[in-house]
Structure formats: structure tokens, C-alpha cells
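Here are the chains, one letter per residue:
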Amino acid sequence: MYTKLVLTALTAFMMACGGGSGGTSGGESTFCVNSTGGEQTCNGYTNVDSAFKSAEDSSCKSVNGTVASSCPTSGLDGCCHVAANGVKSETCFYQNNAADEQSSCVSNGDTWTTTP
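From a predicted model like this one, the values you see are computed outputs, not experimental measurements. (Residues numbered from 1 in each chain as written. Predicted model: local features only at pLDDT ≥ 70, side-chain atom pairs only at ≥ 80, totals over all residues. Heavy atoms only, no water.)

Participant: Please explain the overall build of the protein as it appears in this structure.
Facilitator: Scanning the protein for helices and strands turns up 3 helices and 6 strands. Listed N to C, the secondary structure of the protein is α-β-β-α-β-β-β-α-β in terms of helices and strands. The burial tally for the protein puts 38% of its 116 residues in the buried class. The long-range share in the protein, meaning contacts at least 24 apart out of those at least 6 apart in sequence, stands at 58%. Carbon and sulfur atoms make up 49% of the accessible area of the protein, which totals about 6,000 Å². (Helix = DSSP H or I, 4+ residues; strand = E, 2+ residues; numbered from the N terminus. Buried < 20%, exposed > 50% of the residue type's maximum accessible area, 1.4 Å probe, protein only. Contact = heavy atoms within 4.5 Å. Areas by Shrake-Rupley, 256 points an atom, 1.4 Å probe, with all protein chains shown as cover.)

As C-alpha cells, this is what we get:
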């Protein structure tokens, strides 16, 4: 589950950082809360441009996610954070096996926190 979520998040993150179409950093933020197969996650991007925010919000809604102003803290296990070129990405996990998620995050050289 973690690998699939991270690959999706990294693809969007690369676009936000200039690795695809739409890519300069800006002052916008977007967060998507999604529940799939009984597991809740939240993917967030901070310091993205308005085109990226708009595309990410549409993508979130297309998978029946909820666009939010931040990742929720209720039931939070922890979040994996990545930063590049001024853009910040986070993937937060809720009521899951935090040890596996934390291990995968840290082994990729990313930062794990217990807050969004």
C-alpha cells in the first residue's frame, strides 16, 4: 500500500518541482484525504503553483477524495515528508501499521514525523 501511494505522490511531486508540465513552486497548498480499502491517507503539497493546485484538487475529487486545507490529526500514525526545490510533499497515514510506513519512509531518505 505504501509503495503505491508514494509512487503516485512522487509523480505529482515531480510535476510540482518542474519534472513535468506545470512545474514551478508558488504559494499554494493542496491536501487530499482519501479512504481506500478501509485505510485513510492524506497527501499534501505546499508551495505549489495555482495550476498544480487546481489539477491536484481535480484529481483528488475524481477518486472520491476530500480536498482539505491540511491533513487531519485525528487517528494519525505519522507522515512522510519530502522537500525539493522549495516544494514540500507529505503523505500521512491513519490507524495503520505505522512501523512499516515509518521504515519505508526513512529507508528512502525521507523524514517521518508524528504530526502533519
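Participant: Teacher, can you tell me more about the packing of aromatic side chains here?
Facilitator: Per the stated rule, a full pass over the model turns up 2 aromatic pairs. For the pair F93 and W112, a centre-to-centre distance of 6.3 Å together with 20° between the ring planes defines the contact as stacked. Within this pair, whereas F93 is found in strand β5 (residues 87-94), its partner W112 is found in strand β6 (residues 111-113), the two being separated by 19 residues in sequence. (Phe/Tyr/Trp six-rings, centres within 6.5 Å; stacked < 30°, edge-to-face > 60°.)

Participant: Would you mind showing me how to read the state of the cysteines here?
Facilitator: Linking two cysteines covalently through their sulfur atoms gives a disulfide. For the structure shown, the criterion picks out 4 disulfides. Each sulfur of the disulfide joining C42 and C71 lies 2.1 Å from the other. Negative torsions about the S-S bond denote left-handed disulfides, and the value of about -85° found for C42 with C71 makes this one left-handed. In this pair, C42 is assigned in strand β2 (residues 39-48) and C71 in the loop between β3 (66-68) and β4 (76-84), connecting sequence segments 29 residues apart. C71 carries the same exposure label as C42, and that label is buried. Covalently, C79 is tied to C92 through a disulfide, its sulfur atoms 2.0 Å apart. For the disulfide bridge between C79 and C92, the dihedral angle about the S-S bond is near 105°, and by the sign convention the bridge is right-handed. Of this pair, C79 sits in strand β4 while C92 sits in strand β5, placing them 13 residues apart in sequence. The same class applies to C79 as to C92, namely buried. Cysteines bonded in the protein are numbered consecutively along the chain; their disulfide partners then correspond to 1-3, 2-4, 5-7, 6-8. (Disulfide = S-S within 2.5 Å.)

Participant: Is there a simple way to think about the environment of F93 in this case?
Facilitator: Classification of F93 as buried rests on a relative accessible area of 1%. For the pair F93 and C71, spaced 22 residues apart in sequence, the C-alpha to C-alpha distance is 9.7 Å.

Participant: Explain unusual backbone geometry here, please?
Facilitator: Among all residues save glycine, negative phi is the norm, and among peptide bonds the norm is trans. Backbone geometry places N47, a non-glycine residue, at a positive phi of 70°. The topology assignment puts N47 in strand β2. Given a relative accessible area of 27%, N47 falls into the partly exposed group. Phi is positive for N64, which is not a glycine, with a value near 65°. Along the chain, N64 turns up in the loop between α2 (50-62) and β3.

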